[in-house]
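What the coordinates show
These are the residues of each chain, in order.
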Amino acid sequence: MDIGILLLQATFLTVLSVLMYIIIGMIPGTDETATIAPITLALLAAGFDPLLVLAWFMGTIVAFKAADAVPTALAAIPGGVMAVPQVPDALVARKYGYSEIILRKGITASVIGTVVAIVIALPLSFYLTPLGDLLKTQMGPLNWPGWVYIIVAGIIVLAVMSKAKILALLAIFPFAMLVQGIRAVYGKPVFISIFLAITIGPILYELLTLISPHNHHLKRDNYARIKLVKTGKITLNPLHHLDKLEVTLSSIFAGISSILSAFMSPVGLTILFGDLIKEAEKDELKGSLRAYAVRDAIKNATYIGGTLIPLIAIGVPTGPMSAGPAAPFFAKLDAFNGLSPRDVLLQRYSTPTIMLVIAYVTLLAALLTYVILIKYSKPLTRFVFKKIPAEALYSTFLAIVLVLSYMEAGIAGIFGSILVGLISATFARNGVSIGVLFMVLVAAPYLVALL
Amino acid sequence: MPNDQLYEIFGEVIASKDFLKAFLITTIATFLMYFAAPTIVKALGKEDLLKALRVTLSALGAFVGFIISSAIIEPKRIVEEE
């Protein structure tokens, strides 16, 4: 394909995904995987060019991660799971009347995180490609391919970092058996519907609770009250928003996180490094402003690094990001004659083309997101809160999951998804990191073979 | 205040009836497009692309369902500005 046409299409898709995911990112309670993976998967299963879908995906994660902290700053309501650690800092800022300042800092830092991650993770992922081949050869005492050891190590690390460590460790084998058992019932090694069921699990669980007679604790008498703080006009000059130390810390931690996220949890890294920075500063306000900004930089960097390094270098999803939102790129799809979009991507395009397109779309997405959020964060937040009902959003993702489950395994696929969703939600609600479940899904055949 | 029962899910307040409405609208729109796909693909003369277009059309159905239910359902949030 002509590179000009390719860039033109990528531009169109990136702009579209940025506009869409700024809105979705701001809606409270939206889980990243549940809102990103089904649409990415639908595009890939429809046979769209993997490079163009990747362009769409990069736009999505850049916009989503920058936007989900906006309602946090303006109303102390997190736009998503990743923004939850930022709520306490936003409350400190509000106490001192610094909400608008923290908003600007967050948006600017997320651009820094994006740029640093592209500069570090993108070249690194191509440089590490030989490692990918090595990881595919069988080795070690269990005669597993190398990557399986990495995934199993990742599962254990994530399990130990979960809120419920012992439960997380206990979940590994039963969940692997559930996955393999369902595959045996279907008579084929499905991936998509089980994967989507895990992502939609927590929402499904809550919605099913509504039918149960024991739902009193969820009942409310009133609408949710949301207080938006006052903001003025904000300058576009990014240098006005962060001080030198914040720029330095954001860059350093974004760089480190972009690499670590190939194997480690983005949420974990955001909490860990953000808390470190906060505790190093005695002044409450300064510490909160700094931690808020750095967390925003880390969020974008972990999403980008956690996608690109496994996607390009390793070829298997080795971390929670690649086994979560980016998992559709690793699934074997009929649309690509049983190959994964990842393999097609690397076969179809040269390294310079891939690097050019990814760098271009990511930076374009960062620029667009920055300008839109800096200029319109307040009216956008107001629009989202006043116009987009949570009912419509949850229903849309449920419908996509149901139809893809049906396509993969018929009516049994739908029941299978409900089963997996409920069990994943039970683990997740009791403190097991959902990344553990995603990675067990990938390693399930190897784990069950051990038993 | 609505006579409909309200619930809190993921920090969002939703009404059970409105959720049921949105769920039916989007699911029906999605599956309608899924099952209509072979006919649409035939009309377009692109039968070889059935599998691909089937997913695209289903996603389109879900999106249309989202727009319709957003238009008819009121978000359960009261926004106050300082």
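First things first, this report covers the structure right here in the doc. None of these values were measured; they are calculated from a predicted model. (Residues numbered from 1 in each chain as written. Chains lettered and ligands numbered in written order. Predicted model: local features only at pLDDT ≥ 70, side-chain atom pairs only at ≥ 80, totals over all residues. Heavy atoms only, no water.)

Take the overall build of chain B next. Along the backbone of chain B there are two helices and three strands. Ordering the α and β elements of chain B from the N terminus gives β-β-α-α-β. Here the C-alpha radius of gyration of chain B, 17 Å, is well above what a compact globule of 82 residues would show, namely 12 Å. If you line up chain B on its principal axes, its C-alpha atoms span 55 × 30 × 20 Å. (Helix = DSSP H or I, 4+ residues; strand = E, 2+ residues; numbered from the N terminus. Rg over C-alpha atoms; globule rule 2.2 N^0.38 Å.)

The next point concerns the sheet that holds strand S2 (residues 12-15) of chain B. Paired through their backbone hydrogen bonds, the strands of a sheet run either parallel or antiparallel. Spatially, the three strands line up as an open sheet ordered S3(A)-S1(B)-S2(B), and their pairing is antiparallel. The sheet is open, and its two borders are formed by strand S3 (219-220) of chain A together with S2 of chain B, each paired with just one other strand. Direction of pairing for S3(A) relative to strand S1 (residues 6-9) of chain B: antiparallel, over a ladder of two bridges. Across the sheet, A:Arg220 pairs through a bridge with B:Leu6, a residue of S1(B). Together, S1 and S2 of chain B form the strand contacts of helix H17 (residues 390-429) of chain A, whose direction differs from that of S2(B) by roughly 85°. Across the sheet, helix H1 (residues 16-44) of chain B lies against S1 and S2 of chain B, angled at about 80° from S2(B), the strand it touches most. (Pairing = 2+ DSSP bridges. Contact = heavy atoms within 4.5 Å. Axes fitted to C-alpha atoms, helices over the stretch in contact; angles between N-to-C directions.)

It is worth spelling out the environment of B:Ala52 at this point. All names here are of chain B. Checked against the element boundaries, Ala52 lands in helix H2 (residues 50-72). The class of Ala52 is buried, set by a relative accessible area of 15%. In the structure, Ala52 is positioned 34 residues away from Asp18 in sequence and 32 Å away in space, judged by C-alpha atoms. (Buried < 20%, exposed > 50% of the residue type's maximum accessible area, 1.4 Å probe, protein only.)

Residues and elements named next belong to chain A. A volume near 1400 Å³ is recorded for the largest pocket. Considering the residues around the largest pocket, the lining is formed by 47 residues, among which Val81, Lys163, Val267, Ser433 and Ile434 are closest to the centre. Only helix H2 (32-45), helix H8 (146-161), helix H10 (192-209), helix H12 (266-279), helix H13 (284-314), helix H14 (320-323), H17 and helix H18 (434-450) provide two or more residues apiece to the lining of the largest pocket. With seven residues, H12 is the largest single contributor of residues to the lining of the largest pocket. Counted by class, the lining of the largest pocket contains 27 nonpolar, twelve polar and eight charged residues. (1 Å grid on protein atoms, 1.4 Å probe; cavity = no way out; pocket = protein on both sides within 12 Å on 5 of 7 lines; lining within 4 Å. Points joined across faces, edges and corners; volume = space filled by probe spheres on them. Nonpolar A, V, L, I, M, F, W, Y, C, P; charged D, E, K, R; others polar.)

Residues and elements named next belong to chain A. With respect to the secondary-structure elements, Ser405 resides in helix H17. Classification of Ser405 as buried rests on a relative accessible area of 0%. Excluding anything up to four places from it in sequence, Ser405 contacts Ser193, Gly410, Gly413, Ile414 and Ser417.

A few words on the side chain of A:Thr33. Position of A:Thr33 relative to the elements: it lies in helix H2. Setting aside anything within four residues of it in sequence, one finds A:Thr33 in contact with A:Pro38, A:Phe195, A:Thr199, A:Gly324, A:Pro325 and A:Phe438.

Another point: the interface of chain B and chain A. As a measure of interface size, the accessible area lost when the parts come together is often cited. In this complex, chain B contributes 42 residues to the contact, which on the side of chain A involves 52 residues. Between chain B and chain A, a total of about 4800 Å² is buried, with carbon and sulfur atoms accounting for 68% of that surface. By the criterion of area lost to chain A, the three top residues of chain B are B:Phe10, B:Arg77 and B:Glu82, representing 14% of everything that side buries. The interface formed by chain B and chain A contains five salt bridges. In this structure, A:Lys378 engages B:Glu81 in a salt bridge whose closest nitrogen and oxygen atoms are separated by 3.7 Å. Scanning the region where chain B abuts chain A turns up 18 residue pairs in polar contact (both at pLDDT 80 or more). Counting residues per element, the ones that place at least two in the side of chain B that touches chain A are S1, S2, H1, H2 and strand S3 (77-81) of chain B. Considering only residue class, the side of chain B that touches chain A consists of 24 nonpolar, eight polar and ten charged. (Buried area = accessible area lost by both parts, 1.4 Å probe. Salt bridge = Lys/Arg side-chain N within 4 Å of Asp/Glu carboxyl O. Polar contact = N/O pair within 3.5 Å; in protein donor to acceptor, adjacent residues only side chain to side chain.)

Let's shift gears to H18(A). Residue and element names in this part refer to chain A. Along its 17 residues, H18 runs 23 Å from first to last C-alpha, staying within 8% of the 24 Å computed at 1.5 Å per residue. Along H18, the largest kink reaches about 70° and is centred on Ala443; proline Pro445 follows within four residues of it. Within H18, burial applies to Gly435, Val436, Leu437, Phe438, Met439, Val440, Leu441, Val442, Ala443, Ala444 and Leu447. Elements in contact with the buried residues of H18: H2, H8, helix H9 (165-186), H10, H14 and H17. (Expected span 1.5 Å × (residues − 1). Bend = angle between axes of the 7 residues up to and from the residue.)

On to a nonpolar patch on the surface, then. All names here are of chain A. Taken together, the side chains of Val115, Val119, Ile120, Ile259 and Leu363 define a hydrophobic patch exposed on the protein surface, amounting to about 370 Å² of accessible area. If you tally residues by element for the nonpolar patch, the top one is helix H6 (residues 99-127), at three residues. One can find Ile120 in helix H6. (Patch = residues over 30% accessible without salt bridge, like charges linked within 9 Å, V, L, I, M, F, W, Y side chains within 5 Å. Areas by Shrake-Rupley, 256 points an atom, 1.4 Å probe, with all protein chains shown as cover.)

Residues and elements named next belong to chain A. Two elements in contact, H9 and H17, have axes whose closest approach is 11 Å; the angle formed by their N-to-C orientations is 175°. The angle between the axes of H9 and H17 places the two elements in the roughly antiparallel class. In this structure, H9 contributes Leu167, Ala171, Phe175, Leu178, Ile182 and Tyr186 to the contact, and H17 contributes Ala409, Ala412, Gly413, Gly416, Ser417, Leu419, Val420, Ile423, Ser424 and Phe427. (Parallel < 35°, antiparallel > 145°, perpendicular 65-115°, else oblique.)

Each pair of packed helices can be described by the angle between their axes along with the distance between the axes. Residues and elements named next belong to chain A. Relative orientation of the contacting elements helix H3 (residues 50-67) and H13 amounts to 160°, with a least axis distance of 8 Å. One element, H3, and the other, H13, form an angle in the roughly antiparallel class. You can see that H3 and H13 cross each other, and the crossing is right-handed. Taking contact as the criterion, the partners of Leu54, Phe57, Met58, Ile61, Val62, Lys65 and Ala66 in H3 are, on H13, Asp296, Lys299, Asn300, Tyr303, Ile304, Thr307, Leu308 and Leu311. Its residues placed into classes, the contact of H3 with H13 shows ten nonpolar, two polar and three charged. (Left-handed = near helix turned anticlockwise from the far one by under 90°.)

Enumeration over the complete set of coordinates arrives at 16 aromatic pairs over all chains. Note on A:Tyr406 and B:Phe31: the rings are 5.8 Å apart at their centroids and 75° apart in plane angle, and the pair reads as edge-to-face. Of this pair, A:Tyr406 sits in helix H17 while B:Phe31 sits in helix H1, placing the two residues on different chains. The partly exposed category is assigned to A:Tyr406, whose relative accessible area is 23%. B:Phe31 sits in the buried class, given a relative accessible area of 14%. Seen from their ring centres, A:Tyr406 and B:Phe35 are 5.7 Å apart, and the 70° between their planes marks the pair as edge-to-face. Residue A:Tyr406 is located in helix H17, and its partner B:Phe35 is located in helix H1; the two belong to separate chains. Residue classification places B:Phe35 among the partly exposed residues on the basis of a relative accessible area of 46%. (Phe/Tyr/Trp six-rings, centres within 6.5 Å; stacked < 30°, edge-to-face > 60°.)

What follows is about the pattern of salt bridges. In this structure the tally under the stated criterion is 20 salt bridges over all chains. The shortest N-O distance in the salt bridge between A:Asp49 and A:Arg348 comes to 2.7 Å. With a gap of 299 residues between them, A:Asp49 in the loop between H2 and H3 and A:Arg348 in helix H15 (residues 341-348) connect regions that are remote in the sequence. As a salt-bridge pair, B:Lys21 and B:Asp18 come within 3.4 Å of each other at their nearest N and O atoms. Note that B:Lys21 and B:Asp18 are positioned in helix H1 at a spacing of three residues, about one turn of the helix. Take B:Lys21: its relative accessible area is 39%, and that puts it in the partly exposed class. It is possible to trace a salt-bridge network through shared partners that takes in A:Lys65, A:Asp68, A:Asp296 and A:Lys299.

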